[in-house]
Amino acid sequence: MRLETDEVRTLMTQYRTLQPLSSGGGNDPTEGPEMEGEGQTLTKYRPKVKRPSLYKVILLNDDFTPQDFVVFVLRKFFHKTEDEAVKIMLQVHHQGAGVAGVYSFEVAETKVYLVNEFSRSKQHPLKCIMEKESSSDED
Ligand code: TYC
């Protein structure tokens, strides 16, 4: 296609005055606040995807559950080695609580349920709870 000089001039003018596609003011819910750059409007986007939240599964100390039982629970339900299990058990024993593992909501919920049911079935008062892990990309 052959362009006449006038058409070329018009196209070049249009090109130079083109606005960024997302110059704000639209109703795109993915658009974040604008930032002023070097004479140009930059649009900052919020991430469209979020990492799933993670949950800490925590064991609580008590005065009656045998230490060996806690170590057994850590090995059976949290796949810890003997050394890791002893370390976590002692942390709980001395500090009052300790993290057995970090999982997605559903996995954490299942572990809490299984551990509490297992402890109850063996008549030990060992309690397991879950707590949302604070993540850096949340306000
Ligand atoms: N404190 C318990 C004892 O001395 C041991 C224990 C450790 C219990 C960890 C619970 O989550 C626990 N027998």
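Procedures and definitions
- Residues numbered from 1 in each chain as written.
- Predicted model: local features only at pLDDT ≥ 70, side-chain atom pairs only at ≥ 80, totals over all residues.
- Helix = DSSP H or I, 4+ residues; strand = E, 2+ residues; numbered from the N terminus.
- Buried ≥ 20, exposed ≤ 12 C-beta atoms within 10 Å, placed from the backbone.
- Contact = placed C-beta atoms within 7 Å.
- Near = placed C-beta within 6 Å.
- pLDDT = per-residue confidence, 0-100.
- Expected span 1.5 Å × (residues − 1).
- Core = buried A, V, L, I, M, F, W, Y, C linked by C-beta atoms within 7 Å.
- Arc of directions from axis to C-beta.
- Axes fitted to C-alpha atoms, helices over the stretch in contact; angles between N-to-C directions.
- Parallel < 35°, antiparallel > 145°, perpendicular 65-115°, else oblique.
- Left-handed = near helix turned anticlockwise from the far one by under 90°.

1. Observations regarding the overall build of the protein chain
For the protein chain, the helix and strand inventory stands at four helices and five strands. Going from the N terminus to the C terminus, the protein chain shows its helices and strands as α-β-β-β-α-α-β-α-β. Buried residues in the protein chain amount to 14% of all 139 residues. The long-range fraction of contacts in the protein chain, counting pairs at least 24 apart against all pairs at least 6 apart in sequence, stands at 56%.

2. A closer look at the site of the ligand
Residues in close proximity to the ligand total 13 residues, the closest being Leu59, Thr65, Val70, Val92 and His93. Elements with a contribution of two residues or more to the shell around the ligand: strand S3 (55-60), helix H2 (67-78) and helix H3 (82-95). Residue contributions to the shell around the ligand peak at three residues, all from H3.

3. Brief notes about the confidence of the model for the protein chain
Averaged over every residue, the pLDDT of the protein chain is 80; residues scoring 70 or more account for 66%. Below a pLDDT of 50 lies the segment residues 8-36, which in the model reaches 27 contacts outside its immediate sequence neighbourhood of four places, other chains included.

4. Some thoughts on H3
With 14 residues, H3 should cover 20 Å at 1.5 Å per step; its first-to-last C-alpha distance of 20 Å lies within 8% of that length. On its buried face, H3 sits against S3, H2 and strand S4 (97-103).

5. Remarks on the nonpolar core
Across soluble globular proteins, nonpolar side chains have a tendency to be buried as a group. Counting 16 residues, the largest nonpolar core has Val57, Leu59, Val70, Leu74, Ile88 and Met89 as its most contacted members. Looking at this core, the elements with two or more residues in it are S3, H2, H3 and helix H4 (105-121). A total of four residues in this core trace back to one element, the largest contributor, which is H3. The contacts of Ile88, once residues within four sequence positions are left out, are Leu74, Lys80, Gly98 and Ala100.

6. Topic: H4
Over its 17 residues, H4 extends 24 Å from the first C-alpha to the last, a length consistent with the 24 Å expected when each residue adds 1.5 Å. The complete set of buried residues in H4 reads Ala108, Val112, Val115 and Ser119. Angular distribution of buried residues about the axis of H4 spans 75°; they occupy a single face of the element. Of the residues in H4, the exposed ones pointing more than 90 degrees away from the buried face are Glu106, Tyr113, Glu117, Arg120 and Ser121. Those residues of H4 that are buried lie in contact with S3, H2, S4 and strand S5 (127-132). Gln123 sits one or two positions beyond H4 and adopts a positive phi of about 60°.

7. A look at the packing of H2 against H3
Each pair of packed helices gets described by two things: the angle between the helix axes and the distance between those axes. Following both chains from N to C, one finds H2 and H3 inclined at 125°, their axes separated by 9 Å at the closest point. Taken as axis vectors, H2 and H3 run oblique relative to one another. For the pair H2 and H3, the crossing hand works out as right-handed. Taking contact as the criterion, the partners of Gln67, Val70, Val71, Leu74 and Arg75 in H2 are, on H3, Glu82, Ala85, Val86, Ile88, Met89, Val92 and His93.

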